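Here is how the chains run, residue by residue.
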Amino acid sequence: MLGIEITQQALFSGVVYGLVYAVFAAGFVLVYRSTGVLNFAQGEIGAFGVALFVLIHMQYGVPYWFAFLFAVIATAIIGMVIELVVVRRLFDSPRLVLLIATVGVAQLLLFARTLLPDIETENTGQFPFPFTGQWHPTGSILVLPREILVLTIAPAVIIALGLFMTRSSFGLAVRASASNSDTARVYGISVRRTSTIVWTIAAAFAAVTGILVTPLLGLAPAAVLAAGEAAISTSLLLRALVVALIARMQSLPMTIVGGIAVGVFEQVVETNVDDRSQNVVDLYLFIAALILVMFVVRNRRDDAGWSLSAQPKPIPERLRTLWYVRHMPKIGFTLLFGFLLVLPLFLTQRSQEFLWTDIVIFALVAMSIMPLAGWAGQLSLGQAAFVGLGALTMVVLRSGHDIPVPFDLWDMSFQMAWFPALLCSIGVGVAAALIIGIPALRVRGLFLAVITLAFAVMCSNWLFAQPVFTGSEFGTSTPRIDPPVIGGVDFSNRRSLYYLCLGVLIVTTLVVSRLRRTGIGRSMIAVRDNQDMAAASTVAPSRIKIMSFALSGGIAALAGTLLITAQETVTPTQAFTPEQSIRVVATAVIGGLGSIAGPVIGALYIRGMPVIFNDTAQVRLFTSSIGLLILLMYFPGGLMQIVYKVRDLVLGWADRRLEERGVEAPVPAISKRVPKHVERKITIAESVPWLAVHDVVVRFGGNQAVDHVSIDVHANELVGLIGTNGAGKSTLMNAIGGFVPARGRIEVLGHDVGHLPAYKRHRVGLGRGFQAARLYPALTVRETIMVALEARERSLMLPSMTALPPSPGRERRKREEAAEIVDFLGLGRYADELVSNLSTGTRRIVELGTLLAVDAKVLLLDEPTGGVAQREAEAFGPLIVRIQRELGAAMLVIEHDMPLIMGISDRVYCLEAGAVIAEGSPSEVRENPKVIASYLGTDERAIQRSGAITTTT
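Cut-offs and rules
- Residues numbered from 1 in each chain as written.
- Predicted model: local features only at pLDDT ≥ 70, side-chain atom pairs only at ≥ 80, totals over all residues.
- Heavy atoms only, no water.
- Helix = DSSP H or I, 4+ residues; strand = E, 2+ residues; numbered from the N terminus.
- Areas by Shrake-Rupley, 256 points an atom, 1.4 Å probe, with all protein chains shown as cover.
- Buried < 20%, exposed > 50% of the residue type's maximum accessible area, 1.4 Å probe, protein only.
- Polar contact = N/O pair within 3.5 Å; in protein donor to acceptor, adjacent residues only side chain to side chain.
- Contact = heavy atoms within 4.5 Å.
- Pairing = 2+ DSSP bridges.
- Core = buried A, V, L, I, M, F, W, Y, C linked by side-chain atoms within 4.5 Å.
- pLDDT = per-residue confidence, 0-100.
- Axes fitted to C-alpha atoms, helices over the stretch in contact; angles between N-to-C directions.
- Left-handed = near helix turned anticlockwise from the far one by under 90°.
- Nonpolar A, V, L, I, M, F, W, Y, C, P; charged D, E, K, R; others polar.
- Salt bridge = Lys/Arg side-chain N within 4 Å of Asp/Glu carboxyl O.
- Patch = residues over 30% accessible without salt bridge, like charges linked within 9 Å, V, L, I, M, F, W, Y side chains within 5 Å.
- Phe/Tyr/Trp six-rings, centres within 6.5 Å; stacked < 30°, edge-to-face > 60°.
- Parallel < 35°, antiparallel > 145°, perpendicular 65-115°, else oblique.

Participant: Is there a simple way to think about the overall build of the protein in this case?
Facilitator: Within the protein, the regular secondary structure consists of 41 helices and 14 strands. Put simply, the protein shows about 39,200 Å² of open surface, and 59% of that area lies on carbon and sulfur atoms.

Participant: How should I be thinking about the side chain of Glu 717 in this particular structure?
Facilitator: Following the sequence through the fold, Glu 717 ends up in the loop between β6 (703-713) and β7 (718-723). Accessibility expressed as a relative area gives 10% for Glu 717, which makes it buried. A distance of 2.8 Å separates a polar atom in the side chain of Glu 717 from the backbone nitrogen of His 714. Setting aside residues up to four positions removed in sequence, Glu 717 forms contacts with Asp 712, Gln 884, Ala 889, Ala 890, Met 891, Asp 906 and Arg 907.

Participant: Please clarify how the pairing of strand β8 (residues 743-748) should be interpreted in this entry.
Facilitator: Within a regular beta strand, the side chains point alternately toward one face of the sheet and then the other, so they alternate between its two faces. Here strand β5 (residues 691-700) runs beside β8; their pairing, made up of 5 bridges, is antiparallel. If you follow Val 697 over to β8, its bridge partner there is Arg 743. Where β8 meets strand β9 (residues 751-752), 2 bridges bridge the pair, whose relative direction is antiparallel. Within the sheet, the bridge partner assigned to Glu 747 lies in β9 and is Asp 752. From the end of β8 to the start of β9, which pair antiparallel, there are 2 residues, and Leu 749 there has a positive phi angle of about 55 degrees.

Participant: Sorry if this is basic, but what is going on with the nonpolar core here?
Facilitator: Taken as a class, soluble globular proteins show a tendency for nonpolar side chains to be buried jointly. The biggest cluster of nonpolar side chains holds 269 residues, and the ones touching the most others in it are Phe 40, Phe 53, Ile 100, Phe 455 and Ile 722. Each residue touching Ile 100, except ones within four places of it in the same chain, is listed here: Val 585, Ala 586, Val 589, Leu 628 and Leu 632. Judged by nonpolar contacts, the second largest core, of 29 residues, contains Met 733, Val 858, Leu 860 and Ala 890.

Participant: How do you make sense of helix α21 (residues 519-529) when you look at a structure like this?
Facilitator: Spacing of three or four residues puts side chains on the same side of an α-helix, whose turn is 3.6 residues. Taken across its 11 residues, α21 has 11 buried, putting it largely inside the fold. If you check which residues of α21 are buried, you get Gly 519, Ile 520, Gly 521, Arg 522, Ser 523, Met 524, Ile 525, Ala 526, Val 527, Arg 528 and Asp 529.

Participant: Sorry, what's going on with the confidence of the model for the protein here?
Facilitator: Parts of the model with low pLDDT should not have their predicted coordinates read in detail. Per-residue pLDDT for the protein averages 83, and the proportion of residues at 70 or more is 88%. Within the protein, helix α41 (residues 940-945) has the poorest average pLDDT of any element, 45, and helix α32 (residues 781-788) the best, 95. Confidence over residues 938-946 falls short of pLDDT 50; this stretch has 12 contacts with residues more than four positions distant or in other chains. Throughout residues 948-953 the model reports pLDDT below 50, and contacts reaching past four residues in sequence, or to other chains, amount to 11 contacts.

Participant: Please explain the packing of helix α2 (residues 42-59) against helix α3 (residues 64-87) as it appears in this structure.
Facilitator: Each pair of packed helices gets described by two things: the angle between the helix axes and the distance between those axes. Axis separation between α2 and α3 bottoms out at 8 Å; the angle between their running directions is 145 degrees. Read as a crossing pair, α2 and α3 show a hand that is right-handed. Together, Ile 45, Phe 48, Gly 49, Leu 52, Phe 53, Ile 56 and His 57 of α2 and Tyr 64, Ala 67, Phe 68, Phe 70, Ala 71, Ala 74, Thr 75, Ile 78 and Ile 82 of α3 make up the contact between the two elements. Taken together, the residues of the contact of α2 with α3 break down into 13 nonpolar, 3 polar and no charged.

Participant: When you look at the sheet that holds strand β11 (residues 858-862) in this model, what are you seeing that I'm missing?
Facilitator: Strands sit in the order β10-β11-β12-β7-β13-β14 across an open sheet of 6 strands; the sheet is mixed. Because the sheet does not close on itself, it has two edges, and the strands there are β10 (766-769) and β14 (915-920). Mean inter-strand twist for the sheet, computed between neighbouring axes without regard to direction, equals 15 degrees. Pairing of β7 with strand β12 (residues 890-894) involves 4 bridges; the strand directions are parallel. Bridging from a neighbouring strand, Leu 718 pairs with Met 891 of β12.

Participant: Where do I start with the pattern of salt bridges in this structure?
Facilitator: Any two side chains of opposite charge can pair, on the condition that their charged atoms come close. Tallied over the full model, the rule gives 22 salt bridges. Note that Glu 817 and Arg 792 form a salt bridge whose closest N and O atoms lie 3.6 Å from each other. On the criterion of sequence distance, the pair formed by Glu 817 in helix α34 (residues 807-824) and Arg 792 in the loop between α32 and α33 (797-802) is long-range, its members being 25 residues apart. Residue class for Arg 792 comes out partly exposed when judged on its relative accessible area of 21%. Close ionic contact of Glu 793 with Arg 813 constitutes a salt bridge, the shortest N to O distance being 2.7 Å. In this pair, Glu 793 sits in the loop between α32 and α33 while Arg 813 sits in helix α34, placing the two residues 20 residues apart along the sequence. The exposure class assigned to Arg 813 is partly exposed, which follows from its relative accessible area of 34%. If you follow the salt bridges from partner to partner, you end up with Arg 239, Glu 266 and Asp 282 in one network.

Participant: Is there a simple way to explain the side chain of Ser 425 in this structure?
Facilitator: Structurally, the position occupied by Ser 425 is in helix α17 (residues 418-437). At a separation of 3.2 Å, a polar atom in the side chain of Ser 425 contacts the main-chain amide nitrogen of Met 394. Within the structure, the side chain of Ser 425 is placed 2.8 Å from the backbone oxygen of Ala 421, a separation counted as a polar contact. The contacts of Ser 425, once residues within four sequence positions are left out, are Gly 390, Thr 393, Met 394, Ala 557 and Thr 561.

Participant: So what exactly am I meant to see when it comes to unusual backbone geometry here?
Facilitator: Glycine aside, residues mostly have negative phi, and peptide bonds are mostly found in the trans state. The omega torsion across Pro 805 and Pro 806 is 10 degrees, close enough to zero to call that bond cis. Inspection of the secondary structure assignment puts Pro 806 in the loop between α33 and α34. The phi torsion at Leu 749 lies on the positive side, around 55 degrees, for a residue other than glycine. Unlike most non-glycine residues, Asp 855 shows phi in positive territory, near 55 degrees. Relative to the helices and strands, Asp 855 resides in the loop between α35 (840-853) and β11. Of the residues examined, Asp 855 reaches a relative accessible area of 7% and is grouped as buried.

Participant: Sorry if this is basic, but what is going on with the sheet that holds β9 here?
Facilitator: One open sheet holds the 4 strands; their spatial order is β6-β5-β8-β9, and the pairing between them is antiparallel. Edge strands, defined here as strands with exactly one partner in the open sheet, are β6 and β9. Against the sheet, helix α30 (residues 729-737) engages β5, β6 and β8, with an angle of about 115 degrees to β5.

Participant: How do you make sense of the pairing of β12 when you look at a structure like this?
Facilitator: Of all 5 residues in β12, 5 are buried; the element is thus mostly enclosed. Burial along β12 is two-sided: Ala 890, Leu 892 and Ile 894 and Met 891 and Val 893, pointing in opposite directions, are all buried. One ladder, built from 5 bridges, connects β11 with β12; its direction is parallel. Paired with Leu 861 across the bridge in β12 is Val 893.

Participant: Explanation requested: a nonpolar patch on the surface in the structure shown.
Facilitator: A contiguous nonpolar surface patch, about 580 Å² in accessible area, is contributed by Leu 69, Ile 73, Ile 77, Met 80, Val 81, Leu 84 and Val 85. In this structure, Ile 77 sits in helix α3.

Participant: Sorry, what's going on with the packing of aromatic side chains here?
Facilitator: We describe a pair of aromatic rings using the distance from one ring centre to the other and the angle between the two ring planes. Inspection of the entire model under this criterion finds 17 aromatic pairs. Pairing Trp 65 with Phe 68 gives two aromatic rings, centres 5.7 Å apart and planes at 55 degrees, and the pair type is tilted. Here Phe 68 and Trp 65 lie together in helix α3, a separation of 3 residues that amounts to about one turn. Between Phe 464 and Phe 576 the ring centres are 5.8 Å apart and the planes differ by 75 degrees, which places this aromatic pair in the edge-to-face class.

Participant: Would you mind showing me how to read the environment of Arg 318 here?
Facilitator: The topology assignment puts Arg 318 in the loop between α12 (280-295) and α13 (323-326). Residue class for Arg 318 comes out buried when judged on its relative accessible area of 15%. With 336 residues separating them along the chain, Arg 318 and Ala 654 place their C-alpha atoms 10.0 Å apart.

Participant: For this particular structure, what's the right way to read the environment of Ile 6?
Facilitator: Relative to the elements of secondary structure, Ile 6 occurs in the segment before α1 (8-35). Since its relative accessible area comes to 53%, Ile 6 is described here as exposed. Setting aside its immediate chain neighbours within four residues, Ile 6 contacts Leu 11 and Val 268.

Participant: Even after reading the chapter, I still don't get the packing of helix α20 (residues 494-516) against helix α23 (residues 541-566), so can you show me in this structure?
Facilitator: With their axes 11 Å apart at the nearest point, α20 and α23 run at an angle of 175 degrees to one another. Relative to α23, the element α20 lies roughly antiparallel. On α23, the residues touching Arg 494, Leu 497, Cys 501, Val 504, Thr 508, Val 512 and Leu 515 of α20 are Leu 551, Ile 555, Leu 558, Leu 562, Thr 565 and Ala 566. Here the contact of α20 with α23 is built from residues that sort into 10 nonpolar, 2 polar and 1 charged.

Participant: Would you mind showing me how to read the environment of Leu 691 here?
Facilitator: Position of Leu 691 among the secondary structure elements: in strand β5. Look at Leu 691 and you get buried, because its relative accessible area is 0%. Here the alpha-carbon distance between Leu 691 and His 751, two residues 60 residues apart in the chain, equals 9.3 Å. Here Leu 691 is in contact with Ile 711, Asp 712, Val 713, Ile 736, Glu 747, Val 748, Val 858, Leu 860 and Leu 892, once residues within four sequence places are set aside.

Right under this line is the structure:
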């Protein structure tokens, strides 16, 4: 009825291919379950196993099955070595670091594969099999030896793995470690040893996959040994990832189901389309990955929050008087771009100018990943696709290609001037990034990387092959784009075009640097480091994530317009591959992900070093695999970490010089200025509670954490919330703040906020302090408070990028207001210290400062003295009351310090098993039999101590 032909051969071939995908995916699932890593070296590990098999079987005459077994065991040992040498060294690093490390491992294995001996025997063009012949089970199905191998080996190895995981002690240890590594350690299970086992098994699976898939791909044995590029492509990688997503990244039996589903679907589609349209499968797989990640798979690990950029130490106050210390960043950028400015004067060949133009453009591409992955913590493996969209849109608009319109309603084509076409191309890149960024609102971290990789594969294999980009149904390359003439300057000359690209890179660097110093840049890092805390500071995480994607896509598309202008012609399906996207991320990490100069330094190292040193094999090795691995293992902050070490040496030398000259360190003046804040207009009656919680229920699966709780907090009232661990106190507070789904009615200042997201609830007047007080480790104290000041004046994207009004005035006021809050809390000496360097007690005070900044009227504090020494905790009672009075706020406080909470509270609620068991004045609750039995116990001394002190301020 639909005109779709489904043949028996297509179904059979789909099952065969699907089983190969299942074996490949099983290795992915195993590694991800145990370590949370997407192993991008899996394909190259398998390719190396194939090379070993072919070599010893065809060159040295080892029988097929002995060669098969040897290759699998040898590859398993390689996987074990990778885990012991690389993975174990980076075991506690962010998962992004390990993902990039697997890219380096893949490149190293690719290099090692080319060093293996060549095959000197005849018939090197046909892959070997243990038997020959054909089989026709029906008149429509032809079975070859390659299919028989897959049908016998693939299910067997997956079943064997399933039995190993469920029946053996090692398998049970792996499952326990994957479920809860901390609990596994308590029971004596070595998490790192299980990781070694997992990587060993996954490598063996990669070898089996490689031997099975190579004849299906039509690769000759000689090509496997001599390949100069990856033998197992990202298209196969994408299929394995989609299968792993169908298996929810955890179920091995589901990999068989998912593999067969993907394989059959692929074969049916390819049977029903012509040869030029067969890559449309990648479009469908992209859509499938999008749906699976957004609606089926959920993050079980916190993959967000990585900060790979090295953090410079604060500059001592007395060194700020030295001009070269104050202007050190400017001096560094002047030296960096000064080198690039004078470089053409020393180039003697036209080809060298072309190569350095390409390096500058690649630095711009690497710059595009920095605000997205470096600041916002959103990993994209699709940057080359955005570059390609920008480049090819420029081709379409400059060359007057016919733009396809649905149903051919009218003819559409443009022949724009260069600059308008550039603006339109950037717009297309931004629009595409916004669409791809939508999943970031639901998932983050490595799962988001799967979507962007699927997007890159789809673009490279299908979208960029469309006739609209080449101008002909049969074309494979784009036409030449004439360089622009701007302000009377003709940029058709190679040197002038180099300076145009360099000028764009410098301007982009200045814009990005400016953005980092504004509320937008601070908010991106805040959302990355602590999304809930950012929402409690009224920052909209969804808005910030979408902004980061739009900025990244725009910069990448801009780089694409320069690339297509600089190169006479490109083949889109080869120029904008997913492998290029992975290299872009690796370049940013090598330079220093999150640092403004990092992408430029990374591009100079990756692309510039081979140009300077004549692109020898040794240089290529050290600027890719080995160099990448060494940097990740010893300098996870990239080359910028080395730069900062040199900076610290200079600062230390300068400090010693001042000390020898007798210059004293200035003592910061202690000011207790009361911070200014705009009074929030309260329009509700005096008798109405400022916080009203009615019949709230929170369930997690079958567990009811909060059971029909109702509480009230009135104006200027401080209410304590006590109960045993697990009583539901923090969960109730999270429900009020909008951080967990709940049923019931929640009112703040008379407004029903139960349907609002967290950041909108806090804009109504909520303020939240969290149990961990982690704040934003990569921001300073001043910046942390300025994030909260976004509640008073919101930063806008375009003014922040261009330093146009109202951005400069708003930034100035935020800095002044932050200084007032810092002085009020006595944090002057810590103002420019990173939050990650502060003690728990100091972080607690900074958190109280954020409550002052948001001008909250209903404050929710979760164990404000948790993790604080007793002497410091005693000072928190007066400080909490002082802040409440300063803001004129209602306050709900969770606290286990009974003398403190009983001393400062007007009323107290006690929870047990998610329900309120007592409510009243501190004395009433302290003497309540249910509270005594549930929480205070029967020890008279504990009961008396709970009312031992009274805080008056």
